[in-house]
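Examining the three-dimensional arrangement
Spelled out from the first residue to the last, the chains are:
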Amino acid sequence: MPKIVSSIAIAGSPEAIFDLVTTASHWPAWHPATIGVGGVTECPFALGDVVEERARIGGRMYEGAWTVAQHERPRHTLLRGGSGRISIAYHFEPGEDGVTFRRELMYDEGLFGGAGQTALEDQMRRESDEALRRLKALVEGLLQR
């Protein structure tokens, strides 16, 4: 199963960072592919919650639902896509001044189509790295208020 992993250090308390990252209303502000969200979006999601997402990946529009399949505040959460062929894990490793946040996107081979798969994976990797840069700025900015 292919996996795209990105990580970044974020300053702040682990609980506050976890809560902001798991509040889906922030997704469009930090993830370049996310166009909109629905479902449980205005508070940190919990085990069993469902978040609906509209995204643009490689010029194609996708709509789907993520179900929170694992949840251990403030250390880990796992979102599983509706078909079960894609999932996103968030890991929060506490450190001296905050956390190292790691995002893992895991998906079935060929999920996004055959032709151009490598180019699409490269784009998703770039977007994941950019997403974490934006997330760091967003979370640290909100925590400084």
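Figured I'd write up the structure that's included with this text.

A short note on the pattern of salt bridges
For side chains of opposite charge, pairing can occur when their charged atoms come near one another. Counted under the stated rule, the structure contains nine salt bridges. The closest approach of N and O atoms between Lys 3 and Glu 104, which form a salt bridge, is 3.8 Å. Here Glu 104 lies in strand β7 (residues 98-107) and Lys 3 lies in strand β1 (residues 3-11), a separation of 101 residues in the sequence. Residue Lys 3 is classed as partly exposed on the basis of its relative accessible area of 45%. Salt bridges here are not isolated pairs; linked through shared partners, they connect Lys 3, Arg 102 and Glu 104.

What about the packing of aromatic side chains?
Tallying each qualifying case throughout the model produces four aromatic pairs. Considering the side-chain rings of Phe 92 and Phe 101, the 5.0 Å spacing of their centres and the 45° angle between planes classify their relative orientation as tilted. When sorted by exposure, Phe 92 lands in the same class as Phe 101, which is buried.

Comments concerning the pairing of β7
Among the ten residues of β7, eight are classified as buried, and the element is accordingly described as predominantly covered. As paired elements, β1 and β7 share nine bridges and run antiparallel to each other. Paired with Ala 11 across the bridge in β7 is Gly 98. The sheet contact formed by strand β6 (residues 86-94) and β7 spans nine bridges and is antiparallel. Paired with His 91 across the two strands is Arg 102, which belongs to β7. In this structure, the hairpin formed by β6 and β7 is closed by a connection of three residues.

The rules behind each value
Residues numbered from 1 in each chain as written. Predicted model: local features only at pLDDT ≥ 70, side-chain atom pairs only at ≥ 80, totals over all residues. Heavy atoms only, no water. Salt bridge = Lys/Arg side-chain N within 4 Å of Asp/Glu carboxyl O. Helix = DSSP H or I, 4+ residues; strand = E, 2+ residues; numbered from the N terminus. Buried < 20%, exposed > 50% of the residue type's maximum accessible area, 1.4 Å probe, protein only. Phe/Tyr/Trp six-rings, centres within 6.5 Å; stacked < 30°, edge-to-face > 60°. Pairing = 2+ DSSP bridges.

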